[in-house]
Amino acid sequence: MSDAGNWCLIESDPGVFTELISGMGVSGIQVEEVFSLDETSLDKLKPIYGLIFLFKWQGAQSSMPHPDSQDDANDHVFFAKQIINNACATQAILSILMNNSDIELGDDLSNFKSFTADFPPDLKGLAISNSDLIRSVHNSFSRSDPFINEMQDSSAQGDEDLFHFISYVPVHGALYELDGLSSGPVNLGPCNEENWTEKANQVIMERMRKYSESEIHFSLMAVTKDRIETLQEQLDEFSGLLMSLGDADQEQRREFESQISILQYEYEQEKTKRARWKRENQLRQHNFIPLTYNLLRILAERKKLQPLVNAAKAKKRLERERSDKK
Amino acid sequence: MSLFPISQRVRHLVEFNAGKCIRDGDQLKPDLRKGVIFMDQGDDQLLHFYWKERVGNTIEEDLIIFPEEAEMKRVPECTTGRVYRLHFKSSNQRLFFWMQDKDDSKDEERVAKLNKLINDTQSVLEEQRRNAGADMEEESESAADMLNLLSGGQDLGINQEQFLQFLQTAGGLGGTIPNTSPIGGDGPPNQSVIASAPSSRRGSGQSDTEEQQSTEAVRENEGSQLSTNQLHDLRNILSEIRVPQGTERTNSLELGNVLTTEAIRSILSDQDIASALFPHLPETSDNTNEELHEIIHSPQFRQSLHRLSAALQSGQLGPLMTQLGLDPSAGNGVEAFLAAIEEQARRRDDQDRDSMDQD
């Protein structure tokens, strides 16, 4: 991770990732945080295009050995070496987008994919870090990281390898682990569209088990089809089924109707969530310096600033004394 | 329009005495009035070429020159006077001037300086600032130095020109960057950059209104320019600044400690204050008290306070402080920043009292 360049660290948040993906011109994709690894919670999110396992590590002692690539998968798997650490979230997302032919990449990323198709992994990584499009979209979300307090751990200081993102993605009937720090894609064995998340879960749980011993924070994100689209399709399907039912089949009718109301509820939930994400992103991207300055200025003009400063200082002093006593 | 009140000596990027030449058929005749050629960045941030009579403030020629668009050259055919031609490559427009400084030995130097300004505006701006005098040292940080300073030696992906642009916009109210505005040097004392830049740039009538505005109890327009999208870069700068470690943090005051939720709640109930803050909310926000309240309590605002505190504590924001009309020393930490805001309010208070006394 020689050159951090001008890649900002971005917040690991599904709302940020979702907007980042659409900012790169990819349509119909959403990122969801997965809180539970059981199959039912994952089933709800399907279709899932890939999983991103992300964790914060503390120095080298907890680093996993990176198994070497077992096959010449680079031919059919998009794999890029991680060049810039701050870009690792974006890179993990790209690893999933680029490896699924069902995803509409949009012009920019399609061009990027074909342009870099024959590049070896390190050049692909370099191409990502040099892409103006990817960088500018990435950088439009500046750092306001939920881990920010943890970043001040003494062990974290000066250590750029704070976050690590590993993608799991099914490609051509095999599950691959794509870790920008290893030498190539790792083939985790055959899978199909139905069972790949189950297989990925086993691997992820194994990792979590190891890391939980060394108190590492981790989370899991799923790159899915746009939930609103998915729910809309399901709603349409049930409405169609309902209409095709004869009057006689009351039981079936009730069944469908209750399905529809559940879906409608989820659909509304999803809309609300999107609105919240949008707002959060706007606030993330807003420059609060003028607001802060003017707030302070008005306080000063009303002679209210000094008392607040004095109070804050007194409180600090008290805290300090208290911690000194300990 | 009178651009430069004569009472204020404004340092121009290039300035020398020259008269115009009037074209009369095939012949050039000198316009005998005493004049001066000078160049500056206009309020539009573009490079302007001006000619006016030495006495008075009426600009007779005001031409926008884009980089490398024009060149000034001696007209060798004219043997009776020192005549120079300003030639616009784009339009083939030509203007002729005759040198009026007694000492002709500097002619070529002056013209070379002018040409250099046209060809390489940025480096001239920097040089100008370096020469601007010792007491202006803080403000005269060259853009490159500042950029370097802010980025901690890293490439921020913005070039110097964009950065200047952003500083200029940040200066607000169409003011220019400090090097051409008379801070520390010629301006009236105790005036902030924001207030002095426009008043030195505009006609006296206009500057009166400016003054009036700036004595209003609640100045909502100041700093508002900072919220433009061009300030994305600033955000990037802030995000590049490493947040200091926990131990340091507990010892130093943070803006969040001062702007506690309780403290803010009580002042936001004042409608005047709330309204004055509306322009600084995100563009998509409703201008309502509830919205303001919600935003100020949002984790994003809190995080922004935290980052700004860290940036202030790192001492890297000094040069930007002048854009808020604060002394550069305000960038030396959170407490210095708060003290500078206090000082600024006190100064305005005094000014208000003075102006009231005058009335």
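What counts and how
- Residues numbered from 1 in each chain as written.
- Chains lettered and ligands numbered in written order.
- Predicted model: local features only at pLDDT ≥ 70, side-chain atom pairs only at ≥ 80, totals over all residues.
- Heavy atoms only, no water.
- Helix = DSSP H or I, 4+ residues; strand = E, 2+ residues; numbered from the N terminus.
- Buried < 20%, exposed > 50% of the residue type's maximum accessible area, 1.4 Å probe, protein only.
- Contact = heavy atoms within 4.5 Å.
- Areas by Shrake-Rupley, 256 points an atom, 1.4 Å probe, with all protein chains shown as cover.
- UniProt positions renumbered as here; feature names shortened; annotations may be inferred.
- Polar contact = N/O pair within 3.5 Å; in protein donor to acceptor, adjacent residues only side chain to side chain.
- Phe/Tyr/Trp six-rings, centres within 6.5 Å; stacked < 30°, edge-to-face > 60°.
- Pairing = 2+ DSSP bridges.
- Axes fitted to C-alpha atoms, helices over the stretch in contact; angles between N-to-C directions.
- Lys, Arg positive; Asp, Glu negative; His and termini not counted.
- Salt bridge = Lys/Arg side-chain N within 4 Å of Asp/Glu carboxyl O.
- pLDDT = per-residue confidence, 0-100.
- Parallel < 35°, antiparallel > 145°, perpendicular 65-115°, else oblique.
- Left-handed = near helix turned anticlockwise from the far one by under 90°.
- Nonpolar A, V, L, I, M, F, W, Y, C, P; charged D, E, K, R; others polar.

Peer 1: I'd like to hear about the overall build of chain B, residue by residue, with values.
Peer 2: The number of helices and strands found in chain B is 15 helices and eight strands. Expressed as a percentage of the 359 residues in chain B, the buried residues total 53%. Once local pairs closer than 6 in sequence are excluded, the contacts in chain B between residues at least 24 apart make up 52%. When the accessible surface of chain B is summed, it comes to about 16600 Å², and 45% of that surface belongs to carbon and sulfur atoms.

Peer 1: With reference to specific residues and values, describe the UniProt feature "active site" (unreviewed entry) in chain A.
Peer 2: Residue and element names in this part refer to chain A. The feature "active site" (unreviewed entry), as given by UniProt, occupies Cys88 and His164 in the numbering adopted here. These residues run over 77 residues, yet every pair of their C-alpha atoms falls within 7.1 Å of each other. Relative to the elements of secondary structure, cysteine 88 occurs in helix H3 (residues 88-97). For cysteine 88, the contacting residues outside a window of four places in its chain are Gln82, Phe163 and Phe165. With respect to the secondary-structure elements, histidine 164 resides in strand S3 (residues 163-171). In terms of polar contacts, histidine 164 uses its side chain to reach the side chain of aspartate 179, at 2.8 Å.

Peer 1: Give a detailed account of the packing of aromatic side chains, specifying residues and quantitative values.
Peer 2: Under the counting rule described, the total for this entry stands at five aromatic pairs over all chains. Ring geometry for phenylalanine 288 of chain A and phenylalanine 301 of chain B: centres 5.1 Å apart, planes at 80°, overall edge-to-face. Placement of phenylalanine 288 of chain A in the loop between helix H9 (250-285) and helix H10 (289-301) and of phenylalanine 301 of chain B in helix H13 (residues 299-313) is noted, with the two residues assigned to different chains. Classification of phenylalanine 288 of chain A as buried rests on a relative accessible area of 2%.

Peer 1: How would you explain the UniProt feature "site: Transition state stabilizer" (unreviewed entry) in chain A if you had to name every residue and give the values?
Peer 2: Residues and elements named next belong to chain A. Taking the UniProt record as the reference, the feature "site: Transition state stabilizer" (unreviewed entry) is found at Gln82. In this structure, glutamine 82 sits in the loop between strand S2 (48-56) and H3. With a relative accessible area of 9%, glutamine 82 lands in the buried category.

Peer 1: Residue-level account of the sheet that holds S3 of chain A, with values.
Peer 2: All names here are of chain A. Taken in spatial order, the six strands line up as S1-S6-S2-S3-S4-S5 in an open sheet, and their pairing is antiparallel. The strands lining the two open edges of the sheet, one partner per strand, are strand S1 (29-34) and strand S5 (186-190). Strand-to-strand twist in this sheet, taken as the mean axis angle between neighbours without regard to direction, amounts to 20°. Pairing analysis gives six bridges linking S1 to strand S6 (residues 218-225), with the strands arranged antiparallel. Along S6, the bridge assignment pairs valine 34 with leucine 220. Against the sheet, helix H8 (residues 227-244) contacts S1 and S6, and its axis sits at roughly 50° relative to S6.

Peer 1: Run through the environment of asparagine 86 of chain A, naming residues and quoting values.
Peer 2: Locating asparagine 86 of chain A in the fold gives a position in the loop between S2 and H3. Residues asparagine 86 of chain A and histidine 138 of chain A, spaced 52 residues apart in sequence, show a C-alpha to C-alpha distance of 9.6 Å.

Peer 1: For the pairing of strand S4 (residues 47-53) of chain B, give the residues involved together with the corresponding values.
Peer 2: Along any regular strand, the residues point their side chains to alternate faces of the sheet. All names here are of chain B. Taken across its seven residues, S4 has six buried, putting it largely inside the fold. Note that strand S3 (residues 35-41) and S4 share seven bridges and pair antiparallel. Bridge assignment links valine 36 to a residue of S4, and that residue is lysine 52. A loop of five residues connects S3 with S4, the two strands running antiparallel in sequence, and glutamine 45 in this loop sits at a positive phi of about 70°. Pairing of S4 with strand S5 (residues 59-64) involves five bridges; the strand directions are antiparallel. Each residue of the ladder has a partner; that of tyrosine 50, found in S5, is aspartate 62. Taking the residues that link successive antiparallel strands as the turn, the S4-S5 hairpin has five residues, and the phi of glycine 56 there is positive, at about 90°.

Peer 1: Describe the side chain of aspartate 179 of chain A, naming the residues involved and giving the relevant values.
Peer 2: Counting through the fold element by element, aspartate 179 of chain A comes out in strand S4 (residues 174-179). Buried aspartate 179 of chain A, no salt bridge; nearest opposite-charge side chain is arginine 207 of chain A, N-O distance 4.6 Å.

Peer 1: Explain unusual backbone geometry residue by residue, including any values.
Peer 2: Residues and elements named next belong to chain A. At the junction of lysine 46 and proline 47, the peptide bond is cis and its omega measures out at 5° in the coordinates. Within the secondary structure layout, proline 47 lies in the loop between helix H2 (39-45) and S2. Backbone geometry at histidine 172 places phi at a positive 45°, although glycine is not the residue there. With relative accessibility at 67%, the residue histidine 172 sits in the exposed group. A positive phi is found at lysine 303, a non-glycine position, where the angle reads about 60°. Note on placement: lysine 303 falls in the loop between H10 and helix H11 (305-325). Judged by its relative accessible area of 55%, lysine 303 falls in the exposed class.

Peer 1: Could you give an account of the confidence of the model for chain B, with specific residues and numbers?
Peer 2: Residue and element names in this part refer to chain B. Of the residues in chain B, 60% have a pLDDT of 70 or more, and the chain-wide mean is 67. Counting interchain partners and residues more than four positions distant, the pLDDT-below-50 stretch residues 1-9 has 27 contacts. Note that residues 244-250 has pLDDT below 50 and, in this model, 14 contacts with residues that lie over four places away or in other chains. For this predicted complex, the interface confidence comes out at an ipTM of 0.76, alongside a pTM of 0.58.

Peer 1: I'd like to hear about the confidence of the model for chain A, residue by residue, with values.
Peer 2: Residues and elements named next belong to chain A. Taken over all residues, the pLDDT of chain A has a mean of 81, while the share at 70 or more is 85%. For chain A, the element scoring lowest by mean pLDDT is H11, at 83; S1 scores highest, at 93. Long-range and interchain partners of residues 59-66, a stretch whose pLDDT sits below 50, account for 13 contacts in this model, where long-range means more than four residues apart. Predicted confidence for residues 143-161 stays below pLDDT 50, and this span has 53 contacts to residues more than four positions away or in other chains.

Peer 1: Talk me through the packing of H8 of chain A against H9 of chain A; I want residue IDs and the actual numbers.
Peer 2: Working note: a packed helix pair is described by the angle between its axes plus the distance between those axes. Residue and element names in this part refer to chain A. Across the interface, H8 lies against H9 with an axial gap of 9 Å and an inter-helix angle of 160°. Classified by the interaxial angle, the pair formed by H8 and H9 is roughly antiparallel. Classified by chirality, the crossing of H9 by H8 is left-handed. Of the residues in H9, those in contact with Arg227, Ile228, Leu231, Gln232, Gln234, Leu235, Phe238, Ser239, Leu241 and Leu242 of H8 are Arg253, Phe256, Glu257, Gln259, Ile260, Leu263, Gln264, Glu266, Tyr267, Glu270, Lys271 and Arg274. Each residue belonging to the contact of H8 with H9 can be placed in one class, and the counts come to 10 nonpolar, five polar and seven charged.

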